[in-house]
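# Architecture at a glance
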Amino acid sequence: MRRVVPSGDAGLRLDQALAHLVPELSRARLKSWIDSGRVAVDGSSWEAKRRVRGGETLTIAVVDEPPSDRVEAQPIALAIVHEDDSIIVVDKPAGLVVHPGNGNRDGTLQNALLAHDASLASVPRAGIVHRLDKDTSGLLVIARTLASHAHLVRQLAARSVHRAYLAVVHGNLARAVVIDAPIGRHPTRRTTMAVIEGGRPARTHVDVVERFGDATLVRCRLETGRTHQIRVHLAAAGHPLVGDPAYGSRRRHAVAPAFARQALHAIRLELDHPASGARMCFDAPIPGDLAALIDALRTRGEAPLQPRMTATPMTATLVRRAR
């Protein structure tokens, strides 16, 4: 593949100019090709950060990607919310792992997607561009083409993909808050995350939906997408998710002492369609187990409490009131 850098791109880094010339591929992939010497500039190898002048001829040795890391297609039922030539939106059930990893070599969403559409083998991770924890239910968008994949990755980086979640937390959360606290790997429990100094910036908006005295139904909106972000932020603020095995409270809830997973559901997803550019919004119904938990909290003999205007004490460095 050959491309000529237009004069209007003069002054850009090589990786930026290449991304303009080949928009159907992700910047990460193109940079990896530059770093591995697969991109020649007028016959010479350049570093990705070197600036172009305009007029250079780029010769790109296109490399076929291995088909989805050789993950096998498996006929697993999918709840498809929307499907077209560019994207698939699925409602993932709790208990389904998104892609293979240690201890989960098959039976994942990725296996199911490859059975649903064999052409997804040509897209990285069968088109999966973001993920949900195994025991979090709700909406995920899948890219069906390389161009859609690159477009969605750019949207996620630009934070134009909006995601909203419903959660049930321990304690009486009195008002809307914004939790702004950096997240990184836990210093001693390496399989979990924590609010730590020097972590990656993370911000979560939390609105109160309904209060039950010793538990609260909340709606969370992410500005960033850090690993376990909602679970970590709410636990750090003193309101861990009901049923969360890693970050949850040791307290036994009177209504749901054995809720089998973290009470978290990705209920809404908004994005720009990769082909048309139209803004699209998808909603997922509350799954049965979470709906049963909410109903039990409502009907245990106490009237639901509405949000009050007095704030529950929280860690001041983590949480500020929403405006």
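Quick caveat, the model's predicted, so the values are computed rather than measured.

## Focus: the overall build of the chain
- Secondary structure summary: the chain contains 6 helices and 16 strands in total.
- Across the 323 residues that make up the chain, the buried fraction comes to 46%.
- By element, 50% of the accessible surface of the chain is carried by carbon and sulfur atoms, the whole surface being about 15700 Å².

## Considering the packing of aromatic side chains
- Summed over the entire model, instances satisfying the criterion amount to 0 aromatic pairs.
- The ring of tryptophan 46 has arginine 50 lying over it, and the distance from NZ or CZ to the ring centre is 3.9 Å.

## Side note on the confidence of the model for the chain
- Per-residue pLDDT for the chain has a mean of 85; in total, 86% of the residues score no lower than 70.
- Residue range residues 303–317 is modelled with pLDDT below 50. Its contacts to residues more than four positions away, or to other chains, number 31 contacts.

## Describing helix α6 (residues 288–298)
- Every buried residue belonging to α6 is among Leu290, Leu293, Ile294 and Leu297, and all of these are buried. Along the axis of α6, the buried residues cluster in a sector spanning 95°; they form a single face.
- Buried residues along α6 sit against β8 (162–170), β13 (215–222) and β14 (264–272).

## A word on the side chain of glutamine 262
- Here glutamine 262 is to be found in the loop between α5 (229–236) and β14.
- Filtering out sequence-adjacent residues up to four positions away, glutamine 262 remains in contact with Asp133, Asp135, Thr136, Arg231, Leu241, Val242, Gly243, Asp244 and Pro245.

## Section: unusual backbone geometry
- Residue aspartate 42 is not a glycine yet carries a positive backbone phi of 50°.
- Considering the arrangement of structural elements, one finds aspartate 42 in the loop between β2 (39–41) and β3 (44–45).
- At arginine 125, a residue that is not glycine, the phi angle is positive and equals roughly 50°.
- Residue placement: arginine 125 occurs in the loop between α3 (109–116) and β7 (137–143).
- The partly exposed category is assigned to arginine 125, whose relative accessible area is 39%.

## Looking at the pairing of β7
- Extensive coverage of β7 is indicated by the burial of 7 of its 7 residues.
- Of the strand pairs in this sheet, strand β6 (residues 87–92) and β7 are connected by 6 bridges, and their pairing is antiparallel. Paired with aspartate 91 across the strands is leucine 139, a residue of β7.

## Regarding the environment of isoleucine 87
- With respect to the secondary-structure elements, isoleucine 87 resides in strand β6.
- Residues isoleucine 87 and arginine 144, spaced 57 residues apart in sequence, show a C-alpha to C-alpha distance of 5.3 Å.
- Once residues lying within four places of it in the same chain are set aside, the contact partners of isoleucine 87 are His82, Val141, Ile142, Arg144, Leu152, Leu271, His273, Pro274 and Met280.

## What about the layout of surface pockets?
- Volume-wise, the largest pocket comes out at about 1000 Å³.
- Along its surface, the largest pocket is lined by 42 residues, and Val129, His130, Arg131, Arg163 and Gly225 are the ones closest to its centre.
- Of all the secondary-structure elements, those providing two or more residues to the lining of the largest pocket are α2 (27–35), α4 (146–158), β8, β10 (183–185) and α5.
- Looking at the lining of the largest pocket element by element, the count peaks at 5 residues for α4.
- Looking at side-chain class alone, the lining of the largest pocket contains 17 nonpolar, 13 polar and 12 charged residues.
- The calculated volume of the second largest pocket comes to roughly 660 Å³.
- Along the wall of the second largest pocket there are 20 residues; nearest its centre are Arg131, Asp133, Lys134, Thr191 and His228.
- Considering only residue class, the lining of the second largest pocket consists of 5 nonpolar, 9 polar and 6 charged.

Calculation notes
- Residues numbered from 1 in each chain as written.
- Predicted model: local features only at pLDDT ≥ 70, side-chain atom pairs only at ≥ 80, totals over all residues.
- Heavy atoms only, no water.
- Helix = DSSP H or I, 4+ residues; strand = E, 2+ residues; numbered from the N terminus.
- Buried < 20%, exposed > 50% of the residue type's maximum accessible area, 1.4 Å probe, protein only.
- Areas by Shrake-Rupley, 256 points an atom, 1.4 Å probe, with all protein chains shown as cover.
- Phe/Tyr/Trp six-rings, centres within 6.5 Å; stacked < 30°, edge-to-face > 60°.
- Lys NZ or Arg CZ within 6 Å of the ring centre and 35° of its normal.
- pLDDT = per-residue confidence, 0-100.
- Contact = heavy atoms within 4.5 Å.
- Arc of directions from axis to C-beta.
- Pairing = 2+ DSSP bridges.
- 1 Å grid on protein atoms, 1.4 Å probe; cavity = no way out; pocket = protein on both sides within 12 Å on 5 of 7 lines; lining within 4 Å.
- Points joined across faces, edges and corners; volume = space filled by probe spheres on them.
- Nonpolar A, V, L, I, M, F, W, Y, C, P; charged D, E, K, R; others polar.

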